[in-house]
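One letter stands for each residue in the lines below.
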Amino acid sequence: MGHGSGFGKTILFNEHFVVYGIPGVVSAIELTASAEVRRTEKGINIKDERKGAIGYTQKKLTQQKDSISRILKALGLEPELASLEILLGGELPGFSGIGASAASSVAIVRAIVDEYNLGLSKERINGVAYEAEKAYAGNPSGIDNTAATYGGLIWFRKSVIGRSNTIEKLSLRKPVEIIIGNTGIVADTKAMVEGVAARKKRNPVKFDQLFRQAEDLAFKARINLIDFNLRKVGVLMNENHQLLQEINVSCEELDYLVNLAREKGAYGAKLTGGGGGGCMVALTPGKKLQEEIATTMKNEGFQVLKTRIGI
Ligand code: PMV
């Protein structure tokens, strides 16, 4: 039997913009997905035991099967011939926006590599997981699988000319509390990415301007994260949310949770991941602030994760 795991993540700056080569910042969170792989005689069977959002597992099933066949191909194994039982678990729930698909892909890649004794480097594991991500995101930037593979706080820039992506670990003075609030809407990242592409095509001037602002913001965020200037990081997260609203990837429920977190004292809040539902993230340094905001959201009926960035 082979075992593997992958980190969940939250994108702190520039989801969507990263698809076009704008830098972004992502952090792994403390929750991981895990996979066990066993060779069998009866084709490929997936048993998904993750704590899912209602409907998440069912809605993602076709994409999940596609991702597994991409993994096998990328590893040089024949999907039609492989007979595997794949058991998915771990503490990372199946919410949209926290890298559940990428974390499970990395976990599955690692478990297959372990089962077949393939001995792959982290870089190669990341590359195979990227192929798997295509099933979920169409034209993914690679930021999700990178966070799921390496963990930590990462400065990420996709190469748009086919070179290697920039993956740089940033160090945070100490881990910082955040909360992740779930709208409960299962979002389709692929459709959201395609929507941005279509709107960008229709409004090239407006989008170019927004992309420049996003780039400028990423560099400011980087400096302030390294300097541990959390108040400023929060302000920049708010600004980033506004840019994401302008490219139309937020929704009423996300805006509601973002505003609620800010009203209750979060340093900053924004949507995280593909948007159109899924999750938001709020910077809530200290256990007390984190607990207060989490309780407010829970009392309103939302699912909330309390975790930390920069671990
Ligand atoms: O929805 P998630 O958690 O898969 O995040 C997607 C991030 C995007 O920037 C929207 C897409 C990408 O490939 O970078």
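That block above? That's the structure.
Per-chain numbering applies: the sequence of each chain, read as written, is numbered from 1 onward. Selection of residues for local features in this predicted model requires a pLDDT of at least 70, selection of side-chain atom pairs for listing and counting requires 80 or more, and totals for whole chains, interfaces and linings are taken over all residues. Heavy atoms from the whole structure form the basis of all side-chain values; hydrogens and water molecules are not counted.

Brief notes about the layout of surface pockets
Using the following cut-off: Definitions used throughout: a 1 Å grid over protein atoms alone; a cavity as a set of points that fits a 1.4 Å probe which cannot get out; a pocket as an open set with protein on both sides within 12 Å along at least five of seven lines; a lining residue as one with an atom within 4 Å of a point. Grid points are joined across faces, edges and corners, and a volume is the space filled by probe spheres set on the points. Each helix is a run of H or I in the DSSP string that is no shorter than four residues. Each strand is a run of E no shorter than two, and both are numbered from the N terminus. The classification used treats Ala, Val, Leu, Ile, Met, Phe, Trp, Tyr, Cys and Pro as nonpolar, Asp, Glu, Lys and Arg as charged, and all other residues, Gly among them, as polar.
Considered as a void within the structure, the largest pocket measures approximately 320 Å³ in volume. Looking at the largest pocket, it is lined by 16 residues, and the ones nearest its centre are Asn126, Gly127, Ser164, Asn165 and Ile167. Those elements giving two or more residues to the lining of the largest pocket turn out to be α4 (122-137) and α5 (143-150). Considering every element that reaches the lining of the largest pocket, the biggest residue donor is α4, with 4 residues. Its residues assigned to classes, the lining of the largest pocket shows 3 nonpolar, 10 polar and 3 charged.

Comments concerning the packing of helix α6 (residues 189-202) against helix α7 (residues 204-226)
Convention followed: The axes are straight lines fitted to the C-alpha atoms, using for helices just the contacting stretch, and the angles between their N-to-C directions are given from 0 to 180°. In what follows, a contact means two residues having at least one pair of non-hydrogen atoms within 4.5 Å.
Packing of α6 against α7 leaves a shortest axis separation of 5 Å and a crossing angle of 115 degrees. Facing α6, whose interface residues are Val196, Arg199, Lys200, Lys201 and Arg202, α7 presents Pro204, Phe207 and Phe211. Split into classes, the residues belonging to the contact of α6 with α7 amount to 4 nonpolar, no polar and 4 charged.

Structural notes on the sheet that holds strand β9 (residues 279-283)
Pairing between the strands of a sheet is mediated by backbone hydrogen bonds and can be parallel or antiparallel. Selection criterion: In short, DSSP must find at least two bridges between two strands for them to pair.
Read across the sheet, 4 strands follow the order β8-β9-β7-β10 without closing on themselves; strand pairing throughout is antiparallel. Strand pairing shows two members of the sheet lacking a second neighbour, β8 (268-272) and β10 (303-309), which therefore form its edges. Looking at each pair of strands side by side, their axes are set apart by 25 degrees on average, direction ignored. Examined bridge by bridge, β8 and β9 share 5 bridges and lie antiparallel to one another. Residue pairing for β9: Gly268 is matched across the bridge by Leu283. Helix-sheet contacts for helix α8 (residues 230-246) involve β7 (176-182), β8 and β9, and the interaxial angle to β8 is about 40 degrees.

Purely spatial values, then, with no claim about function.
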